[in-house]
Amino acid sequence: MRFVFSPPADEAAGLLTLPFGEPLEEWQDERLVEVRQRGISRHVVRFVADGGELYALKSISERLARREYRLLRTLAELNVPAVQVVGIVVDRGPDADAILVTRFLDYSTTYRALFSSLRGGQPTDRLLDALVELIVRLHLSGFFWGDCSLSNTLFRQDAGTLEAYLVDAETSEQHPALSAGQRAWDLELAAERVCGELFDLEAGGLLPAGVDPLEIAGELQRRYEGLWDELTRAETLRPDEQRYRIAERLRRLNELGFDADEVELISTPEGTRLHVRTKVAESGQHSRQLFRQAGISADENQARRLLNDIASFRGYLEQRDGTAVSETVAAHRWVQEVYEPALAAVPADLSDRLAPPEIFHEILENRWYLSERAGRDVGTTMAAQSYVDTVLPQVPHPLTTTIEDLTGLPPGHRDLADEGMAEEA
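Residues numbered from 1 in each chain as written. Predicted model: local features only at pLDDT ≥ 70, side-chain atom pairs only at ≥ 80, totals over all residues. Heavy atoms only, no water.

**Student:** Would you mind showing me how to read the overall build of the chain here?
**Tutor:** Along its length, the chain carries 13 helices and 15 strands. The proportion of buried residues among the 425 residues of the chain is 48%. Taking all contacts inside the chain whose residues are at least 6 apart in sequence as the whole, residues at least 24 apart take part in 62%. A total accessible area of about 21,000 Å² is found for the chain, and carbon and sulfur atoms account for 49% of it. (Helix = DSSP H or I, 4+ residues; strand = E, 2+ residues; numbered from the N terminus. Buried < 20%, exposed > 50% of the residue type's maximum accessible area, 1.4 Å probe, protein only. Contact = heavy atoms within 4.5 Å. Areas by Shrake-Rupley, 256 points an atom, 1.4 Å probe, with all protein chains shown as cover.)

Right, dumping it as structure tokens:
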């Protein structure tokens, strides 16, 4: 038996004691965990908690395991949102498949879970936007997905929006660039599978009234073409408008989360032809800034919202005290006087419903709503307490929970746990 782990491999050293010599579907181990409303998979997939981390283990042929391992590592290098690969286990015995190990995405959810709890309204638009952006990022990076579906995607809340993460890359192909035909075929496959998944939801009574799977499939393609055109189109500029139009185009790319890899200007009889070669931006500009200033790890939109609140708090301090306050001092005081007290109001049994920065973002949303209704600023303390009392309890439980929590049964009784989850869903 051989283990091939990505560095730093020591983080997953505890996984080496799992019963890799047995078929994955027959494992009985106290570290096994079940995932609520998990996606449908053609392979055996089990989840294991070890050392404070949750891992997904998929039984798959060695050829596909090595291929997916390589592709997921490449996607990480290209800043394309995807699950983080840990390693593969091969040579497990005669006729035994390899096992691909990935980290489970913290605070993520599935499309079925989003439609099962329509908190914040039906999620179709946010799902479409997130999935379209993921497909475009893949295509700009030269990746043909080949198996795009809602089931092969995880979603994470990011300050009221959703970010989509690729989960399954076993059918993906990497090319220097994709042709228009390759992109169109990948998009057609995606629309067909998304449509089928929505019909399944409709049959199960989970699809909101008025949502037509066929229309959504068409909208997926329209939104993709719109975003692709926005990112890659060539345009003709007059000499007197070149400078500001180029700056405007690059700023728009940055707002959409992309960067310019190359800007090409070609003189033509009609004017200067601008062609921008777009690449996936290095993610996390605001996340890194927030971590530097306040020591808080957050997703990009969450970080942007928290940084805005820090800036507002800094302005308040300067106005109140009549003296300048440095960015660093304001950030530290904001953490101590605003952020930490707000999160401290969250009871322990509700604290795992969302990531802490997302909880604080929603407290800010609640503060705005309450202030509008009251005609005055109600303050973060009152908003936090109101949020804890009325909003946070409505947030669905996390996707993950132990088998013992679900059924009261020992870890080996996986079938009974699945039956219980099916009835609950």
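**Student:** Is there a simple way to think about the side chain of D186 in this case?
**Tutor:** As for its placement among the helices and strands, D186 is situated in helix α4 (residues 180–203). Of the buried charged residues, D186 lacks a salt bridge, with R193 as the closest side chain of opposite charge at 6.8 Å. Once residues within four sequence positions are removed from consideration, D186 is found in contact with H139, F143, F144, W145 and G146. (Lys, Arg positive; Asp, Glu negative; His and termini not counted. Salt bridge = Lys/Arg side-chain N within 4 Å of Asp/Glu carboxyl O.)

**Student:** I'm lost on α4 in this one. Help?
**Tutor:** Side chains that are three or four residues apart share a direction in an α-helix, a result of its 3.6 residues per turn. End to end, α4 covers 35 Å across 24 residues, agreeing with the expected 34 Å (1.5 Å per residue, within 8%). For α4, the complete set of buried residues consists of R183, D186, L187, L189, A190, A191, V194, C195, E197, L198 and L201. The secondary structure elements touched by the buried residues of α4 are α2 (111–116), α3 (124–140), β8 (143–144) and α5 (213–232). At the C-terminal side of α4, G205 shows a positive phi close to 75°. (Expected span 1.5 Å × (residues − 1).)

**Student:** Whenever I open this one, the pairing of strand β9 (residues 153–158) confuses me. Can you help?
**Tutor:** Most of β9 sits inside the fold, with six of its six residues counted as buried. Residues T153, F155 and Q157 of β9 are buried on one face, and the alternating residues L154, R156 and D158, pointing to the opposite face, are buried as well. Bridge count between strand β7 (residues 108–109) and β9: two bridges; the pairing is antiparallel. Its bridge partner lying in β9, S108 is registered against R156. Here six bridges tie β9 to strand β10 (residues 161–166), and the two strands are oriented antiparallel to one another. Paired with F155 across the two strands is A164, which belongs to β10. In this antiparallel pair of consecutive strands, β9 and β10, the connection spans two residues, and A159 shows a positive phi of 55°. (Pairing = 2+ DSSP bridges.)

**Student:** Please explain empty space enclosed by the protein as it appears in this structure.
**Tutor:** To find the voids left in a structure, one rolls a probe of water-molecule size over its atoms. This model, assessed by the stated rule, comprises two cavities of 30 Å³ or more. Taken as a whole, the second largest cavity holds about 50 Å³ of empty space. Taken together, F115, T124, L127, L128, L131, L150, V194, L198 and I216 make up the full set of residues lining the second largest cavity. When residues of the lining of the second largest cavity are traced back to their parent elements, those giving at least two are α3 and α4. With four residues, the top contributor of residues to the lining of the second largest cavity is α3. Taken together, the residues that form the lining of the second largest cavity break down as eight nonpolar, one polar and no charged. (1 Å grid on protein atoms, 1.4 Å probe; cavity = no way out; pocket = protein on both sides within 12 Å on 5 of 7 lines; lining within 4 Å. Points joined across faces, edges and corners; volume = space filled by probe spheres on them. Nonpolar A, V, L, I, M, F, W, Y, C, P; charged D, E, K, R; others polar.)

**Student:** Just checking my understanding: could you explain the environment of A130 for this structure?
**Tutor:** Checked against the element boundaries, A130 lands in helix α3. Once the C-alpha coordinates of A130 and R156 are considered, the two residues, 26 residues apart in sequence, prove to be 9.7 Å apart. In this view, A130 contacts F155, L162, E163 and A164; residues no more than four positions away in its chain are not counted.

**Student:** Sorry, what's going on with the sheet that holds β9 here?
**Tutor:** Hydrogen bonding along the main chain pairs the strands of a sheet, whether they run parallel or antiparallel. Reading across from one edge, β7-β9-β10 is the order of the three strands in this open sheet, with antiparallel pairing throughout. Of all the strands in the sheet, just β7 and β10 have a single pairing partner and so form its edges.

**Student:** Would you take a moment to explain the pattern of salt bridges for this structure?
**Tutor:** Two side chains that carry opposite charge are able to pair once their charged atoms sit near each other. Under the counting rule described, the total for this entry stands at 19 salt bridges. A salt bridge links D50 to R31, with the nearest nitrogen and oxygen atoms 3.3 Å apart. Within this pair, whereas D50 is found in strand β3 (residues 45–50), its partner R31 is found in the loop between β1 (2–5) and β2 (32–35), the two being separated by 19 residues in sequence. Across the salt bridge formed by E133 and R137, the nearest N and O atoms sit 2.9 Å from each other. Of this pair, E133 and R137 both sit in helix α3, four residues apart, roughly one helical turn. Note on E133: relative accessible area 30%, which makes it partly exposed.

**Student:** In this structure, what is going on with helix α10 (residues 356–374)? I would like to understand it.
**Tutor:** Given a rise of 1.5 Å per residue, 19 residues ought to cover 27 Å, and the 26 Å separating the end C-alpha atoms of α10 matches this to within 8%. Following α10 by one or two positions, G375 has its phi on the positive side, about 75°.

**Student:** Teacher, can you tell me more about the nonpolar core here?
**Tutor:** For soluble globular proteins, the rule of thumb is that nonpolar side chains tend to be buried together. Membership of the largest hydrophobic core comes to 59 residues, with the highest contact counts inside it found for V136, F155 and L166. With 10 residues, the top contributor of residues to this core is α3. Membership of the second largest hydrophobic core comes to 33 residues, among which are A331, A342, L354 and A384. (Core = buried A, V, L, I, M, F, W, Y, C linked by side-chain atoms within 4.5 Å.)

**Student:** Even after reading the chapter, I still don't get the packing of aromatic side chains, so can you show me in this structure?
**Tutor:** All told, the structure shown has seven aromatic pairs when counted by the stated rule. Geometrically, the ring pair formed by F47 and F104 is edge-to-face, given 5.8 Å between the ring centres and 85° between the ring planes. Highlighted residues: F47 in strand β3 and F104 in the loop between β6 (98–103) and β7, separated in sequence by 57 residues. Judged on exposure class, the residue F47 and its partner F104 are both buried. (Phe/Tyr/Trp six-rings, centres within 6.5 Å; stacked < 30°, edge-to-face > 60°.)

**Student:** Got a minute to help me understand the packing of helix α9 (residues 327–344) against α10 in this structure?
**Tutor:** Helices that pack against each other are described as a pair by the angle of their axes relative to one another and the distance between those axes. Two elements in contact, α9 and α10, have axes separated by 10 Å at closest approach and are oriented at 90°. Taken together, the axis directions place α9 and α10 in an arrangement best described as roughly perpendicular. Residues W334, V338, Y339, A342 and L343 of α9 touch α10, and the partners they reach there are P356, P357, I359, F360 and I363. Tallied by class, the residues present in the contact of α9 with α10 amount to 10 nonpolar, no polar and no charged. (Axes fitted to C-alpha atoms, helices over the stretch in contact; angles between N-to-C directions. Parallel < 35°, antiparallel > 145°, perpendicular 65-115°, else oblique.)

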